Amino acid sequence: MHRMATTPAAVTLKNVPAELYAELKASAVRNRRSLNQEAIAWLERSAPRNQRDPRSILEELRAWRESRDLPYLTDDFIDRAKREGRK
């Protein structure tokens, strides 16, 4: 079993490309954060823990759509709807 640390861990990054460092630093200035705080914010946004598999999302949406017997929104369907709305 993997347990979460109760105290914050320290991480040292080495060989960060200059362009990435400059982008991180500029982002920290824009967001009024320290470089460390900004790096943590970037890591939190990119962590997979809050991301769902796109395929499972599409499956869920397709099932929802099929359960409601809705028409497909094709170009022809939209064009017909526009023409009918203008009459």
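Higher on the page you've got the structure.
Residues numbered from 1 in each chain as written. Predicted model: local features only at pLDDT ≥ 70, side-chain atom pairs only at ≥ 80, totals over all residues. Heavy atoms only, no water.

(A) Summary view of the environment of D79. The topology assignment puts D79 in helix α4 (residues 75-86). In the structure, D79 is positioned 44 residues away from L35 in sequence and 51 Å away in space, judged by C-alpha atoms. (Helix = DSSP H or I, 4+ residues; strand = E, 2+ residues; numbered from the N terminus.)

(B) The side chain of E38, seen in detail. Along the chain, the position of E38 falls in helix α2 (residues 35-46). Here the side chain of E38 touches S27 through a polar contact of 2.5 Å, side chain to side chain. Residues in contact with E38, not counting those within four places in the same chain, are L24, S27, A28, N31, R33 and R45. (Polar contact = N/O pair within 3.5 Å; in protein donor to acceptor, adjacent residues only side chain to side chain. Contact = heavy atoms within 4.5 Å.)

(C) Structural context of a positive patch on the surface. Together, R80, K82, R83, R86 and K87 make up a region of like positive charge exposed at the surface. By relative accessible area, which is 84% here, K87 ends up exposed. (Patch = residues over 30% accessible without salt bridge, like charges linked within 9 Å, V, L, I, M, F, W, Y side chains within 5 Å. Areas by Shrake-Rupley, 256 points an atom, 1.4 Å probe, with all protein chains shown as cover. Salt bridge = Lys/Arg side-chain N within 4 Å of Asp/Glu carboxyl O. Lys, Arg positive; Asp, Glu negative; His and termini not counted. Charge placed at Lys NZ, Arg CZ, Asp CG, Glu CD. Buried < 20%, exposed > 50% of the residue type's maximum accessible area, 1.4 Å probe, protein only.)

(D) Quick look at the packing of aromatic side chains. Within this structure, the stated rule accounts for zero aromatic pairs. In this structure, R65 packs its charged tip against the face of Y72, placed 3.6 Å from the ring centre. (Phe/Tyr/Trp six-rings, centres within 6.5 Å; stacked < 30°, edge-to-face > 60°. Lys NZ or Arg CZ within 6 Å of the ring centre and 35° of its normal.)

(E) Inspection of the side chain of S27 at higher detail. Mapping S27 onto the fold places it in helix α1 (residues 18-30). Exposure remark for S27: the relative accessible area of 6% places this residue in the buried category. Once residues within four sequence positions are removed from consideration, S27 is found in contact with E38 and W42.

(F) Main features of unusual backbone geometry. Within the chain, N15 stands out as a residue other than glycine whose phi angle is a positive 60°. With respect to the helices and strands, the residue N15 is situated in the segment before α1.

(G) Broad picture of the layout of surface pockets. The space that makes up the largest pocket amounts to roughly 840 Å³. Lining of the largest pocket is provided by 21 residues; of these, A9, V11, A39, I40 and L43 occupy positions nearest its centre. For the lining of the largest pocket, the secondary-structure elements that each account for two or more residues are α1 and α2. With seven residues, the top contributor of residues to the lining of the largest pocket is α2. Along the lines of polarity and charge, the residues of the lining of the largest pocket split into 16 nonpolar, three polar and two charged. (1 Å grid on protein atoms, 1.4 Å probe; cavity = no way out; pocket = protein on both sides within 12 Å on 5 of 7 lines; lining within 4 Å. Points joined across faces, edges and corners; volume = space filled by probe spheres on them. Nonpolar A, V, L, I, M, F, W, Y, C, P; charged D, E, K, R; others polar.)

(H) Focus on the pattern of salt bridges. Overall, the coordinates contain two salt bridges when judged by the stated rule. A salt bridge links R33 to E38, with the nearest nitrogen and oxygen atoms 2.8 Å apart. Given a relative accessible area of 34%, R33 falls into the partly exposed group. You can call E38 buried: its relative accessible area is 0%. Measuring nitrogen to oxygen at the nearest pair gives 2.7 Å for the salt bridge that ties E60 to R52. On the accessibility criterion, R52 (48% relative accessible area) is partly exposed.

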